[in-house]
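Understanding the architecture of this molecule
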Amino acid sequence: MRVLVIGSGGREHALAVGLAADPTVDFLAAAPGNPGIAQVAELHEVTATDPAAVAALAVELAADLVVVGPEAPLVAGVADAVRAKGIACFGPSAAAAQLEGSKAFAKDVMAAAGVPTARSYACTTPDEVSHALDDLGAPHVVKNDGLAAGKGVVVTGDRSAAERHAADCGRVVIEEYLPGPEVSLFVVTDGTAAVPLMPAQDFKRLADGDEGPNTGGMGAYAPLAWAPDDLVPRVLAETVEPTLAEMRRRGTPFAGLLYVGLALTPDGPKVIEFNARFGDPETQVVLALLETPLAGLLNAAATGTLAGLPPLRWREGSAITVVVASKNYPGTPRTGDVIEGAEVPGVIHAGTARRDDGALISAGGRVLSVTATGPDLAAARDAAYALVAGVRLDGAQYRKDIALGAVEGRIKL
Ligand code: AMP
Ligand code: GLY
């Protein structure tokens, strides 16, 4: 099978590593890719959000399967354009990607499908904002309606900060605060059949102890030993199946990766958000543990044959990833710093680039996701932090407490 991966981040590097390891893949390309992905795939230039350009590249490479990593190309209609050329594509249509592209759309689908989630209001005027904040109380959760690369959400006890964020965004969803540990559940689907992957936990805040601003994600681990045994079947029954049915009913079936972001509240798992693609950096840990060949799984979802796939197989043990971010992330990250010690197995590249003289340099906010497995979570953690210690990047920021609460048994339901 000839496979083309679209995107250039850590998630796409993890996907490329998984696809390259699938014996049915005899050609792997990525566009635009990054220097880490270049170790396993042939890189091509493309504007990932240009549907016609991506479709043309897929034709030129005679791809059998295109895997779209990030949300922006999906929302722009890249999967539709690829499928229009008769090429299988892993990723939802533009219409179905609205589950991520618009928080208000996602809330509407959840309401129609009876999915457990936070009560919410879609607001545009200061009066609507004020009424929603009064009704729902503090802590306030104010979400930019559109795509914001994981940085459009403010959770605050400070009412004027909530009002300011709403005013800055224009159109927002304001919702009830959901208490409880967060879980990311990825579901591979062809629109009807749904195959859950292993739940993972992401660390959204910049600093240790969940302090500091929200980011795209500073680390992750799996499996979640503390999660309730019925978590996955319950979320499939209460959330995933009804959502897929509602999307089919609307004539816009969702096929690809449904990312269910959950809070495990005292009243059960409730949806914090849907995304229309693999999460980053959770993908790095989930795929590190997946034994089933990845291209076969994604191709089955892309061709409507998921129901015939044998059950997934998983490796024993645990995986963890620690994101190394650049100075000033998530504000205006400094780029162009030389990186050393990052061209080794387990160091997944996100925001990296190759300078003209061949040096590896930082090129984004989240630069690397340093990933390791081990027989248990403590061993995986030690291995990942040993790899981090071997990386040199001036001004690097990373959390020292990824998976620490789980190792120490401190996560309470
Ligand atoms: P989102 O982009 O919707 O995932 O939001 C980013 C982060 O904000 C989430 O991972 C949560 O940590 C937090 N968050 C979002 N919505 C809520 C909510 N209703 N209650 C509590 N925390 C939330
Ligand atoms: N890890 C959060 C996300 O991918 O949105």
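Residues numbered from 1 in each chain as written. Chains lettered and ligands numbered in written order. Predicted model: local features only at pLDDT ≥ 70, side-chain atom pairs only at ≥ 80, totals over all residues. Heavy atoms only, no water.

1. Comments concerning the side chain of Thr 215
Relative to the elements of secondary structure, Thr 215 occurs in the loop between β14 (211-214) and β15 (219-222). Accessibility expressed as a relative area gives 0% for Thr 215, which makes it buried. One polar contact links the side chain of Thr 215 to the main-chain amide nitrogen of Gly 217, over a distance of 2.8 Å. (Helix = DSSP H or I, 4+ residues; strand = E, 2+ residues; numbered from the N terminus. Buried < 20%, exposed > 50% of the residue type's maximum accessible area, 1.4 Å probe, protein only. Polar contact = N/O pair within 3.5 Å; in protein donor to acceptor, adjacent residues only side chain to side chain.)

2. A closer look at the layout of surface pockets
In this structure, the second largest pocket spans a volume of roughly 460 Å³. Ala 14, Val 17, Gly 18, Leu 287 and Ala 288 are, among the 24 residues lining the second largest pocket, the residues nearest its centre. Secondary-structure elements contributing two or more residues to the lining of the second largest pocket are α1 (10-20), α10 (282-289), β20 (347-349) and β23 (366-374). It is α1 that provides the largest number of residues to the lining of the second largest pocket, a total of four residues. When grouped by side-chain class, the residues that make up the lining of the second largest pocket number 13 nonpolar, eight polar and three charged. (1 Å grid on protein atoms, 1.4 Å probe; cavity = no way out; pocket = protein on both sides within 12 Å on 5 of 7 lines; lining within 4 Å. Points joined across faces, edges and corners; volume = space filled by probe spheres on them. Nonpolar A, V, L, I, M, F, W, Y, C, P; charged D, E, K, R; others polar.)

3. What to know about the site of ligand 1
Close to ligand 1 lie 14 residues, the nearest being Glu 175, Leu 178, Glu 182, Lys 204 and Glu 273. Residue Glu 176 places a main-chain N or O atom 2.9 Å away from a nitrogen atom belonging to ligand 1. Within the side chain of Glu 182, one N or O atom sits 2.4 Å away from an oxygen atom of ligand 1. Of all the elements in the fold, those that place two or more residues in the shell around ligand 1 are β7 (140-144), β8 (153-156) and β17 (268-275). Class assignment for the residues of the shell around ligand 1 results in six nonpolar, one polar and seven charged. (Near = heavy atom within 4 Å.)

4. Focus on the nonpolar core
Leu 4, Val 66, Tyr 221, Val 240, Val 260, Ile 320 and Leu 368 are the most contacted members of the largest nonpolar core, which has 73 residues in total. Here this core gets seven residues from one element, more than from any other, and that element is helix α9 (residues 231-249). Excluding its chain neighbours within four sequence positions, the residues that come into contact with Leu 368 are Val 322, Val 323, Val 324, Ile 339, Ala 342, Val 347, Ile 348, His 349, Ala 350, Thr 352 and Val 391. With 43 residues, the next largest nonpolar core counts Ala 222, Val 286, Leu 290 and Ala 302 among its residues. (Core = buried A, V, L, I, M, F, W, Y, C linked by side-chain atoms within 4.5 Å. Contact = heavy atoms within 4.5 Å.)

5. Details of the pattern of salt bridges
Between side chains of opposite charge, a pair can form when the charged atoms approach closely. For the structure on display, the rule yields 26 salt bridges. When the shortest N-O distance is used, the salt bridge between Arg 159 and Asp 134 registers 2.7 Å. Pair noted here: Arg 159 is in helix α8 (residues 159-169) and Asp 134 is in helix α7 (residues 126-136), with a separation of 25 residues, a long-range link. Overall, Asp 134 belongs to the exposed group, its relative accessible area being 53%. Between Lys 204 and Asp 202 there is a salt bridge, with the nearest N and O atoms lying 3.8 Å from each other. Residue Asp 202 is classed as buried on the basis of its relative accessible area of 10%. Residues joined in a network through salt bridges with shared partners are Lys 103, Asp 202, Lys 204 and Glu 273. (Salt bridge = Lys/Arg side-chain N within 4 Å of Asp/Glu carboxyl O.)

6. Notes on the sheet that holds strand β1 (residues 2-7)
Read from one edge of the open sheet, five strands run β3-β2-β1-β4-β5, paired in parallel fashion. If you trace the sheet from one side to the other, it starts and ends with β3 (42-43) and β5 (88-90), each paired once. Two elements, β1 and strand β2 (residues 27-32), share six bridges in a ladder whose sense is parallel. When the bridges of β2 are listed, Leu 4 appears paired with Ala 29. Helix α11 (residues 294-302) rests against β4 (65-68) and β5 of the sheet, and its axis sits at about 110 degrees to β5. (Pairing = 2+ DSSP bridges. Axes fitted to C-alpha atoms, helices over the stretch in contact; angles between N-to-C directions.)

7. Here we look at the packing of aromatic side chains
As enumerated under the stated definition, the model contains five aromatic pairs in all. Each ring, one from Phe 203 and one from Tyr 221, has its centre 6.0 Å from the other, and the planes form 40 degrees; the classification is tilted. Of this pair, Phe 203 sits in the loop between β12 (201-202) and β13 (205-207) while Tyr 221 sits in strand β15, and the two are 18 residues apart along the sequence. Both residues of the pair, Phe 203 and Tyr 221, belong to the buried class. With 6.3 Å between their ring centres and 40 degrees between their planes, Tyr 385 and Tyr 398 make a pair best called tilted. Of this pair, Tyr 385 sits in helix α12 (residues 377-389) while Tyr 398 sits in the loop between β24 (392-393) and α13 (404-407), and the two are 13 residues apart along the sequence. Across from the ring centre of Phe 27, 3.9 Å away, lies the NZ or CZ of Arg 2, which sits over that ring. Sitting over the face of the ring of Tyr 259, Arg 277 holds its NZ or CZ atom 5.6 Å from the ring centroid. (Phe/Tyr/Trp six-rings, centres within 6.5 Å; stacked < 30°, edge-to-face > 60°. Lys NZ or Arg CZ within 6 Å of the ring centre and 35° of its normal.)

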